[in-house]
Amino acid sequence: MISEKQIDALATHLVHGLIASGVIQPKADEKDLIACVVELMSANFEQETRIYDEADKQAESLARQNPGVDPDRLRAGIRQRLAEKQGFVL
């Protein structure tokens with residue numbers, strides 16, 4: 001899991017890079033933009049974690065019911081299905 005400090009550093013680097021390269025011309029304060037990006041990234045990572053956790057639970061349950069099934073492949077398939085269902089790209 002990525003820490004809040006890492007998310008903040010990544011968001012700062014992203015916003016500074018976009019501004020420096022002229023890709024965006026901010027109409028808001030740079031700190032407000034960074035805060036918005038941090039919020040979006042944090043929400044994204046939290047949703048990803050929820051998908052992974054749910055996939056782990058479902059895969060464990062199904063693996064117990066079907067001992068011959070590869071739990072890693074099962075987990076990956078469940079993760080993908082859950083992500084698609086939520087409109088989330090892993």
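Quick caveat: nothing in here was measured; it's all calculated off a predicted structure.

(A) View of the packing of helix 1 (residues 4-20) against helix 2 (residues 30-65). Their axes nearest at 9 Å, the elements helix 1 and helix 2 cross at an angle of 130 degrees. Classified by the angle between their axes, helix 1 and helix 2 sit oblique to one another. The interaxial crossing formed by helix 1 with helix 2 has right-handed handedness. Across the interface between the two elements, E4, I7, D8, L10, A11, T12, L14, V15, H16 and I19 of helix 1 pack against E30, L33, I34, V37, V38, M41, S42 and F45 of helix 2. Each residue belonging to the contact of helix 1 with helix 2 can be placed in one class, and the counts come to 12 nonpolar, three polar and three charged.

(B) Looking closely at the environment of L82. Structurally, the position occupied by L82 is in helix 3 (residues 71-86). Looking at L82, the relative accessible area reads 9%, which means it is buried. For the pair L82 and I51, spaced 31 residues apart in the sequence, the C-alpha separation amounts to 6.5 Å. L82 has contacts with I51, E54, A55 and Q58, leaving out every residue within four places of it along the chain.

(C) Representation of the pattern of salt bridges. Scanning all chains against the criterion turns up three salt bridges. When the shortest N-O distance is used, the salt bridge between R75 and D56 registers 2.8 Å. Here R75, found in helix 3, pairs with D56, found in helix 2; they are 19 residues apart in sequence, far enough to count as distant. Residue class for R75 comes out buried when judged on its relative accessible area of 17%. Across the salt bridge formed by E60 and R64, the nearest N and O atoms sit 4.0 Å from each other. Taken together, the positions of E60 and R64, both in helix 2 and four residues apart, correspond to about one turn of that helix. Residue E60 is classed as partly exposed on the basis of its relative accessible area of 42%. Because the salt bridges share partners, they merge into one network encompassing D56, D72 and R75.

Rules and cut-offs
- Residues numbered from 1 in each chain as written.
- Predicted model: local features only at pLDDT ≥ 70, side-chain atom pairs only at ≥ 80, totals over all residues.
- Heavy atoms only, no water.
- Axes fitted to C-alpha atoms, helices over the stretch in contact; angles between N-to-C directions.
- Helix = DSSP H or I, 4+ residues; strand = E, 2+ residues; numbered from the N terminus.
- Parallel < 35°, antiparallel > 145°, perpendicular 65-115°, else oblique.
- Left-handed = near helix turned anticlockwise from the far one by under 90°.
- Contact = heavy atoms within 4.5 Å.
- Nonpolar A, V, L, I, M, F, W, Y, C, P; charged D, E, K, R; others polar.
- Buried < 20%, exposed > 50% of the residue type's maximum accessible area, 1.4 Å probe, protein only.
- Salt bridge = Lys/Arg side-chain N within 4 Å of Asp/Glu carboxyl O.

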